[in-house]
Amino acid sequence: MQRTHSTSKRPSLHRQAALAALFCSILALPASGATRSAEVGLLRALETASLLVIGQIDEVTPLLHMGYAAHLSVERVLRPQSDASRLAGQSIEFVWEETSPRIRPRLSAGQRVVVALEPGPTASIWKQRIPDPARRAALRSLAAGGQGYLQGASAGMLGALEHYLALTQAARRGEAGATYLSQLAATAPPRLALDAVLRLKHEPKLIEALTPAAGEALIAAMLRSDADSTARMALQLVEEERPAVLLPLLEARIGSLGAKAPVPLLAARAALQDGLPADLEEQLMESGSEEQRKTAVRWATGPEAGERLRHAMLRDRSPAVREAALLRLARLEGSTAASDLLQGFEDREPSVQYAAARALASFGPEVLPDLRRAIDRGSPQGSKAAVVAITLMPGGEARHALEELARDHEDPAVRALARISLGQPLDEDH
């Protein structure tokens with residue numbers, strides 16, 4: 001039976017990730033890490049753990065095979081439970097595992113921590129680690145795969161967390177939930193702050209429920225200098241979801257500062273207004289600050305935007321600005337800018353080359369002739385990037401173009417890359 005191929009859908013997420021890794025190698029890009037680390041799920045652990053307490057670590061004991069046990073003196077229980085209040089003032093023991101003997105244990109004696117705990121482990125290895133059945137029966141485990149702990153919690157942040165955890169499920173998705181999550185984003189240690197922003201981002205009802213007070217806290221999260229991932233994610237939330245409640249707050253914060261205002265505030269306001277004031281845009285374009293120039297090109301608009309973006313794409317000294325200018329030009333002008341976007345293939349920075357490939361691929365088969373010319377007439381670097389663009393393009397026409405390249409192109413490097421993209425063996429006799 002002849003195998004058929006889908007011609008109407010984009011590559012699966014799994015294949016897209018594999019292709020991205022391949023092209024990072026081809027274009028000499030550094031492999032991108034996951035958007036979140038293994039610390040995902042702290043907020044969920046605090047919400048759902050069978051026991052949530054704050055206290056001080058008295059001692060940490062290493063066990064066999066990278067296991068650890070800690071004794072915690074409980075100060076208080078943070079989520080009310082019928083039988084948990086009696087634990088205040090007592091010592092409890094909990095355990096976790098590290099993934100390598102080279103990793104220092106995540107907790108140490110003397111630390112004051114919030115811990116989310118689950119029932120003790122049942123795997124047979126724990127019988128070797130803790131042979132005493134009575135001790136083992138009393139054990140608890142760190143929740144969220146060992147990530148259910150929080151250090152550096154201020155009194156104000158703990159208050160916001162306790163109020164949030166006391167809400168009903170319905171209230172957590174409403175105005176109160178949005179307010180406390182915004183406060184956590186602004187004040188919590190980075191791991192919990194990032195989870196709070198992600199919860200806001202992934203719950204549309206929470207965006208709708210933002211009040212001016214919550215908006216102020218979200219602005220504070222965007223300006224955090226001690227939590228870069230949180231600040232970036234908070235700005236991304238505003239740019240993607242565009243909560244209207246923030247506009248007057250941003251206007252008040254920015255006031256007459258103009259280009260002197262913090263860049264995240266300028267970017268957030270630009271997102272809400274779909275552009276910058278013309279005079280401010282021009283001022284930021286000429287700035288010595290990479291972040292200001294990047295903000296200017298990301299939100300460039302108006303009759304002179306195309307010219308400014310083309311100049312920045314080709315001339316700016318910052319790869320991040322050149323990439324942002326290329327992507328904005330693609331968004332504003334679509335496939336009519338294809339000939340300009342092709343110049344991104346010749347950029348000295350692989351990240352710009354890959355951005356050009358993604359942008360051109362998004363236009364579909366209408367730019368295949370342009371990409372074929374780039375393969376036939378461009379530099380070796382440009383030829384590779386053009387093949388990458390065709391590979392990223394959905395549909396049967398793109399696949400057919402790759403099959404032709406793999407079979408007929410005179411350049412063996414192009415044939416090889418096309419075969420790799422198709423998942424075919426490099427041996428052309430097969």
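Note that the coordinates shown come from a computational prediction; the quantities given were computed from them, not determined experimentally.

Caption draft 1: Structural view of the packing of helix α9 (residues 190-202) against helix α12 (residues 228-241). In the contact formed by α9 and α12, the axes pass within 9 Å of each other and the chain directions differ by 10 degrees. The angle between α9 and α12 falls in the class roughly parallel. Residue-level inspection shows P190, A193, L194, V197, L198, L200 and K201 of α9 in contact with α12, the latter providing S229, T230, M233, A234, Q236, L237, E240 and E241. In terms of residue class, the contact of α9 with α12 is built from nine nonpolar, three polar and three charged.

Caption draft 2: Quick peek at the environment of S91. Residue position: S91 is located in strand β3 (residues 91-97). The spacing of S91 and A70 is 21 residues in sequence and 9.9 Å in space, taken between C-alpha atoms. With near-sequence residues (within four places) excluded, S91 lies in contact with D58, H71, L72 and S73.

Caption draft 3: Inspection of helix α15 (residues 278-285) at higher detail. Along α15, the positions that sit buried rather than exposed are L280, E281, L284 and M285. One side of α15 holds all its buried residues, which, seen down the axis, span an arc of 135 degrees. Of the exposed residues in α15, those oriented more than 90 degrees away from the buried face are A278 and D279. Contact partners of the buried residues in α15: α14 (263-273), α16 (290-298) and α17 (305-315).

Caption draft 4: Representation of the pairing of strand β2 (residues 67-77). Taken together, the nine bridges between strand β1 (residues 51-62) and β2 define a ladder with antiparallel strand orientation. Paired with Q56 across the strands is S73, a residue of β2. Taking the residues between adjacent antiparallel strands as the criterion, β1 and β2 are bridged by four residues, where H65 takes a positive phi near 55 degrees. Direction of pairing for β2 relative to β3: antiparallel, over a ladder of seven bridges. For S73, the partnering residue across the bridge sits in β3 and is S91.

Caption draft 5: Up close: the pattern of salt bridges. Scanning all chains against the criterion turns up 26 salt bridges. Ionic pairing is found between R76 and E162, a salt bridge with its closest N-O pair at 2.8 Å. Highlighted residues: R76 in strand β2 and E162 in helix α6 (residues 155-165), separated in sequence by 86 residues. The exposure class of R76 is partly exposed, given its relative accessible area of 31%.

Caption draft 6: Quick peek at the packing of aromatic side chains. Counted according to the given criterion, the structure contains two aromatic pairs. Taken together, the ring pairs connect Y68, F94 and W96 into an aromatic cluster. Directly above the ring of Y149 sits R191, whose terminal nitrogen or CZ lies 4.5 Å from the centroid.

Caption draft 7: Structural detail: the packing of α17 against helix α18 (residues 319-333). At a minimum axis separation of 8 Å, α17 and α18 run at an interaxial angle of 150 degrees. At the point where α17 passes α18, the crossing takes the left-handed sense. Between α17 and α18, the residues in contact are A305, G306, L309, R310, A312 and M313 and R322, A325, L326, R328, L329, L332 and E333, respectively. When the residues that make up the contact of α17 with α18 are grouped by side-chain class, the tally is eight nonpolar, one polar and four charged.

Caption draft 8: How the structure looks around the environment of L142. Examined against the element boundaries, L142 turns out to sit in strand β5 (residues 140-142). You can call L142 buried: its relative accessible area is 6%. Between the alpha carbons of L142 and G120 there is a distance of 8.7 Å; along the sequence they are 22 residues apart. Beyond its immediate chain neighbours, meaning those up to four positions away, L142 contacts F94, V95, W96, R106, L107, V115, A116, L117, G148 and Y149.

Basis of the calculations
Residues numbered from 1 in each chain as written. Predicted model: local features only at pLDDT ≥ 70, side-chain atom pairs only at ≥ 80, totals over all residues. Heavy atoms only, no water. Axes fitted to C-alpha atoms, helices over the stretch in contact; angles between N-to-C directions. Helix = DSSP H or I, 4+ residues; strand = E, 2+ residues; numbered from the N terminus. Parallel < 35°, antiparallel > 145°, perpendicular 65-115°, else oblique. Contact = heavy atoms within 4.5 Å. Nonpolar A, V, L, I, M, F, W, Y, C, P; charged D, E, K, R; others polar. Buried < 20%, exposed > 50% of the residue type's maximum accessible area, 1.4 Å probe, protein only. Arc of directions from axis to C-beta. Pairing = 2+ DSSP bridges. Salt bridge = Lys/Arg side-chain N within 4 Å of Asp/Glu carboxyl O. Phe/Tyr/Trp six-rings, centres within 6.5 Å; stacked < 30°, edge-to-face > 60°. Lys NZ or Arg CZ within 6 Å of the ring centre and 35° of its normal. Left-handed = near helix turned anticlockwise from the far one by under 90°.

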